[in-house]
Each structure stands twice: as structure tokens, then as C-alpha cells.
Amino acid sequence: MDINFSPEAFTITHLHRCPNLVIKSDTPKGRGVFASAPIPAKTIIDVCPVLVLGLEENKEHIEKSSLYHYTYNWPIPISSPSPSSSSPSPSGPHSPKTETHQALILGLGSMFNHSTHSQNVVWERDIVRQIVTYRALRDIAEGEELCISYGSHLTFKDVDAPSVNVVDEDINQLNQIQLD
Ligand SMILES: C[S@@+](CC[C@H](N)C(=O)[O-])C[C@H]1O[C@@H](n2cnc3c(N)ncnc32)[C@H](O)[C@@H]1O
């Protein structure tokens, strides 16, 4: 049977993965992605498909499993309220409303560790295609770890963080992971 690969027949997402990468195990952050050769700024590191989770399955199953540490916020556009609704949107009348789901990022996306001060990889979500593209933020030297930012609410103790006395409030902040 012939399959029609013309652009009109499918939504095509072109994939790229930078070849200059290795995974190192047993680092202080667990496994991590490292450069096996220099990577110039703006290089596409990986294009990763995502698995968007339902709110219920995330709460009932994923949050209770080790997959919890591999999920990231994923905004889903929701339909706007009826024009007769009297309550204005807090972010303005024309802002699209979203519902925050969680998504499991496939490919290398789930292997990038967090760095607050040495982040060298940025990511971009494509909500419609359900893709995250990772790019080098600057030139990355051979041997350097490739790190993204998970944001400020971490679920673990950041091994890169300067050693200060952690107060209770800081510990409370370690209870949620999010990318933005
Ligand atoms: C998405 S996974 C990253 C891959 C993971 N290191 C592995 O071995 O599968 C997120 C987990 O990596 C670890 N991690 C990431 N960044 C870290 C950091 N800065 N300090 C300590 N642990 C980190 C934490 O255990 C976190 O829950």
C-alpha cells in the first residue's frame, strides 16, 4: 500500500539530534547529558515529542510513581467563556486561557538536569505539535554538562546550590517541579 507523505497529508515535524552528546551515569545529579565535543551556540540539541497527561491520571497515578520526577508543566488552551460572561479574564480580555497539565518529555528531554546558574540549554514548547525543542544557549565546551532550568520550585536538593543554612520555608519550596 502506498503512503502519501506529501505535506498536505500529515503534519510533519522534522527531527534533529546533535551527535556530540553522551549520557553519564552516577553523577551527583544521577544520569546527565554531557558534550562529547564542542557544541556551538544555537545548535539544536534535540527535538522531543511529549506525552501529555490527563489531569486525573496524573493525580491518581503519575504523582504516586517515579515518573513524577520526569513531568513538566504543559499548558493546554481551553475554550473561552461565553461572550455573555460578566467576569473579565485576569490576564486581559484577549489572552488565551490555558489549563496546566503535566507532560512526559520523550527523547533526551527527560535526561537534562537542572542548573540555576550554569544553564546552557533553552527549550521551546510547540503546544500544537506536542514537541519540545532544546537549543544551546551559548557555546558549550567538550565535557560540560548540558543543563536546563526547572524554575524556582524544585522537588529535590540542588547539588549546585551554594551551601547555606536551609530554613523551613526553603524546604517547602522543594516540593514542586516546574519548567516555567
Ligand atoms: C528529569 S530527571 C533528570 C535525569 C535524572 N538525573 C536521571 O538520572 O534520570 C530530574 C531528576 O534529576 C535530579 N536532578 C536534576 N537536577 C538536579 C540538581 N541540580 N541537583 C540535584 N539533583 C538534580 C533530581 O533527582 C530530579 O528529580
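The rules behind these values
Residues numbered from 1 in each chain as written. Predicted model: local features only at pLDDT ≥ 70, side-chain atom pairs only at ≥ 80, totals over all residues. Helix = DSSP H or I, 4+ residues; strand = E, 2+ residues; numbered from the N terminus. Buried ≥ 20, exposed ≤ 12 C-beta atoms within 10 Å, placed from the backbone. Core = buried A, V, L, I, M, F, W, Y, C linked by C-beta atoms within 7 Å. Contact = placed C-beta atoms within 7 Å. Pairing = 2+ DSSP bridges. Near = placed C-beta within 6 Å. Nonpolar A, V, L, I, M, F, W, Y, C, P; charged D, E, K, R; others polar. Axes fitted to C-alpha atoms, helices over the stretch in contact; angles between N-to-C directions.

For the protein chain, an unreviewed UniProt entry supplies the name Protein methyltransferase and the organism Westerdykella ornata.

Undergrad: So what's going on with unusual backbone geometry? Residues and values would help.
TA: A positive phi angle is found at Lys-42, which is not glycine, with a value near 75°. Looking at where Lys-42 falls in the secondary structure, it is placed in the loop between strand 2 (30–35) and strand 3 (44–52). Assessed through the 11 C-beta atoms surrounding it within 10 Å, Lys-42 is described here as exposed. A positive phi angle, close to 60°, is found at Gln-130, a residue other than glycine. Position of Gln-130 relative to the elements: it lies in the loop between strand 7 (121–126) and strand 8 (131–136).

Undergrad: Give a detailed account of the nonpolar core, specifying residues and quantitative values.
TA: Counting residues in hydrophobic clusters, the biggest one holds 23 residues, and the most contacted among them are Val-121 and Leu-146. Only strand 2, strand 3, strand 4 (71–77), strand 5 (98–105), strand 7, strand 8 and strand 9 (147–148) provide two or more residues apiece to this core. Looking at this core, the element that brings in the most residues is strand 3, giving four residues. Leave out the neighbours within four places in its chain, and Val-121 touches Ile-45, Phe-112, Tyr-134, Arg-135, Ala-136, Leu-137, Leu-146, Cys-147 and Ile-148.

Undergrad: Can you break down the pairing of strand 7 residue by residue, with the values?
TA: In this sheet, strand 8 lies alongside strand 7 in antiparallel orientation, the contact comprising six bridges. Among the inter-strand pairings, Val-122 is bridged to a residue of strand 8, identified as Arg-135. The antiparallel pairing of strand 7 with strand 8 creates a hairpin that spans four residues between the two strands, and Gln-130 there sits at a positive phi of about 60°.

Undergrad: Go over the site of the ligand with me, naming the residues and quoting the values.
TA: The immediate surroundings of the ligand are formed by 16 residues, with Gly-30, Arg-31, His-69, Asn-113 and His-114 found nearest. If you list the elements that add at least two residues to the shell around the ligand, you get strand 2 and strand 6 (113–114). At three residues, strand 2 tops the list of elements feeding residues into the shell around the ligand. When its residues are assigned to classes, the shell around the ligand shows four nonpolar, eight polar and four charged.

Undergrad: I'd like to hear about the sheet that holds strand 8, residue by residue, with values.
TA: Strand order across the open sheet formed by five strands is 4-5-3-8-7, with antiparallel pairing between neighbours. Both outer strands of the open sheet, strand 4 and strand 7, are each paired with one neighbouring strand and no more. Going from strand to strand, the sheet's axes swing by 40° on average, the running direction of each strand aside.

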